[in-house]
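Observations on the model geometry
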Amino acid sequence: MNRRSLVALACLALLTAAAWWGGANPDEKKAPGWNEAAPGVLRSPGLPAGYALVDGDKALLIDAPHAEAPAGTKVDLVLLTHHHRDSCAAAGRFLAAGVTVRAPKESAAELTPDGVRKYWRESLPLRSSSTSYLVLPEGLAGVDCSLKDGDALDWRGWRIQVVASPGHSRDHVAYLVRRGEDGSPLLFCGDAFAEAGKLWSPYTTDWDHWTDAGLKPAAASLRKLAALKPTTLLPAHGPVVTRDAVAALERTAVHVEEMAFLKSFERFTKQRLGDAPRYDFLAKEQAESNGSRPWTKVSDHLFLTGNTYVLTSRDDGAFLVVDPWGERGARQVATLKKDRSLGKLEVVMFSHAHYDHYDGVYLLPDRDSFEIWTLDKVAVPIADPALLRAPFLDARPVRIDRTPKEGDALTWREYRFRFHHLPGQSEFTMGWETVIDGKRCFFTADNWFHQDMYSGSGGWMGLNRSWPLPYAASAGKVLRAAPEWVLAEHGGPFAFDAEDWRRRVTWGEVSAKAADALSASGSHRHDWDPSRVRVEPMLHRAKPGATLKGTLVASNVLARRQKLTVTLEGRGLTADQTWELEVEPNATARREVTLRLGEKVPAGRQVLALRVAEGATVDPCDAFLAVDVEP
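Residues numbered from 1 in each chain as written. Predicted model: local features only at pLDDT ≥ 70, side-chain atom pairs only at ≥ 80, totals over all residues. Heavy atoms only, no water.

1. Observations concerning the overall build of the protein
- Within the protein, the secondary structure is distributed over 12 helices and 33 strands.
- The C-alpha radius of gyration of the protein comes to 27 Å, within 12% of the 25 Å expected for a compact globule of 631 residues.
- Each principal axis of the C-alpha distribution contributes one length, and for the protein these read about 90 × 60 × 55 Å.
- Counting contacts in the protein only where the partners sit at least 6 residues apart, residues at least 24 apart contribute 65% of the total.
- Summing over all exposed atoms, the protein offers an accessible surface of approximately 24,500 Å²; the carbon and sulfur share of this is 50%. (Helix = DSSP H or I, 4+ residues; strand = E, 2+ residues; numbered from the N terminus. Rg over C-alpha atoms; globule rule 2.2 N^0.38 Å. Contact = heavy atoms within 4.5 Å. Areas by Shrake-Rupley, 256 points an atom, 1.4 Å probe, with all protein chains shown as cover.)

2. Overview of the sheet that holds strand β12 (residues 232–235)
- Read from one edge of the open sheet, five strands run β8-β9-β10-β11-β12, paired in mixed fashion. A strand with exactly one partner marks an edge of an open sheet, and here the two such strands are β8 (152–155) and β12. On average, each strand axis in the sheet is inclined to that of its neighbour by 25 degrees, with strand direction left out of account.
- Bridge count for β8 against strand β9 (residues 158–164) is four bridges, and the pairing is antiparallel. Counterpart to Leu153 in the pairing with β9 is Ile160. (Pairing = 2+ DSSP bridges. Axes fitted to C-alpha atoms, helices over the stretch in contact; angles between N-to-C directions.)

3. Overview of the pattern of salt bridges
- Taken as a whole, this structure holds 45 salt bridges when the rule is applied.
- Here Asp154 and Arg159 are joined by a salt bridge, their closest N and O atoms 2.5 Å apart.
- According to the relative accessible area criterion, Asp154 is exposed, its value standing at 59%.
- Where Lys297 meets Asp300, a salt bridge forms, and the shortest distance between an N and an O atom there is 3.7 Å.
- For Lys297, a relative accessible area of 42% gives the class partly exposed.
- Through salt bridges with shared partners, a single network forms among Asp55, Asp76, Arg156 and Arg179. (Salt bridge = Lys/Arg side-chain N within 4 Å of Asp/Glu carboxyl O. Buried < 20%, exposed > 50% of the residue type's maximum accessible area, 1.4 Å probe, protein only.)

4. With respect to the pairing of strand β14 (residues 302–305)
- Residues of β14 alternate between two faces, with Leu302 and Leu304 on one and Phe303 and Thr305 on the opposite face, all of them buried.
- Inspection of the sheet shows β14 paired to strand β15 (residues 308–312) by four bridges, in the antiparallel sense. Bridging from a neighbouring strand, Phe303 pairs with Val310 of β15.
- In sequence, β14 turns back onto β15 through a hairpin of two residues, with Gly306 there showing a positive phi of about 60 degrees.

5. A look at the packing of helix α5 (residues 215–227) against helix α6 (residues 245–262)
- Put simply, α5 and α6 touch, their axes get as near as 8 Å, and they point 165 degrees apart. What the angle tells us is that α5 and α6 run roughly antiparallel. Read as a crossing pair, α5 and α6 show a hand that is left-handed. Contacts between α5 and α6 involve Leu215, Lys216, Ala218, Ala219, Leu222, Arg223, Leu225 and Ala226 from the first element and Val246, Leu249, Glu250, Thr252, Ala253, Val254, Val256, Glu257, Met259 and Ala260 from the second. (Parallel < 35°, antiparallel > 145°, perpendicular 65-115°, else oblique. Left-handed = near helix turned anticlockwise from the far one by under 90°.)

6. Considerations on helix α4 (residues 113–123)
- Turning to α4, its buried residues are Gly115, Val116, Tyr119, Trp120 and Ser123. All buried residues of α4 fall inside an arc of 125 degrees around its axis, so they share one side. Those residues of α4 that are exposed and aimed more than 90 degrees away from the buried face are Asp114 and Arg121.
- Tucked inside the fold, the buried residues of α4 contact α3 (108–111), β31 (604–614) and β33 (624–629). (Arc of directions from axis to C-beta.)

Printed below as a string of structure tokens:
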């Protein structure tokens, strides 16, 4: 090998090391150096990148992924673009050193100590779908969350304008910066933009489980940023853009707008395809109801209110309940039993793992007198709500009596049910086929609604482990079964129409392509999955000094092998640890892990963040584990 080759290899090794340590925990290694991104602006190594405005020996940082300032400078001020822990990992150390750290006003709920404690207390298990992502394990004492859209700051000849840019997170801002009156407009865009047409960790635009609530403002923010006519884009995840900056923002806005449009099946079938088929509701008075309306008699032996169906036997009035919801649902079941002189409740079924479809079971009388049935996959989070991170879980576990698998059949009285795994709105969803009063029926949970109800679907969301292609596959199952009635929930059963279901399959496939196009890796199943790397159980309970055992799980949907480095940041509660995982293409790897809590760990909920990287590339997942420490 010649000298030039050796020098090149040495440089490559240095660059690789710089990228790795630049993205690492600041307590592990010092960042080796910063590079010039624009005149007077330095960019930190690795991802996410932080930036420094430099004037002599003074620096102003935009985001704080690393604790090190550029060599020879002292930091005057840190400005954060949003609350995500990768972008503000070192903010606490700057605060401890007496440096002012400022953040958007909207960041208080995810950055201040009280806000962060409240977030973790309420989000595990998560009983709603409105969530934040990549929240710090503990809040930042002393952070100033007061920046608002339009605020202007002056620092050593630099003019800094705060530009609200929600989408990637609710609290996200960008900073438009000029040096002097005639300086070129530089846009420090955080994670509002990664590269032309791409978003970093696009699952963070899932502000709820079924609408475009995050994508729509993300697109509007990109248009707003483009209107500022920046000459240079300086993102946290992605290369600096010095040519056609406005076009890059606008191209990304187009991709985000397409994704937002596709969140609605109703828009897709009516506006994109046109000439949408017409089909009937079976109980229109129940549409979008919550179980407060009187029961509708759908057929002689099938009744509905809100989410809850009751199926009766023609023999002696014994009955089966599908998806009892809360106290109201339990009362409604008692009312129907009395009014219709029904017999014994024998079976309760849960269609999917959202509390509004099963928490009424705690209030039904004589729990030991009836069985609970649900698909094996659906049973997992309901039986152990501390195992996985998922929305809409009740913290109380439920004992499941029978757990059929995909394709299994169970018989109750004169009815035979064929069970299917039916991922769509949630990975943890089942469907089942049966014949009721001569009608071939397919129960579909919250996956699909009539095109004029709830935008025609229950929506897809990374936190729900819910993506377009599983939706398409599940719609294909219903299409092939060709039932007469689709027994959707929330009061929405409707007549089957084959053309409608062909469109639902197409909708899933088109949405998947659009999601891939928006994802930095090119695979939405990779980028749109916050739980791709996780520890099971997610939530532990232990006393100080206890040894915890869990399973580190990594799923790889890519077509190549991944070698992941997972670092547990112990924060003094336990020792830091690093684990290696090799995951084959389209496979899942598991590794047993243990950690010992310190003897003086404070009581209460403690959160430990995991940093996941593949070489120098930070993985976009939101990995952590939590411990409820007992006194």
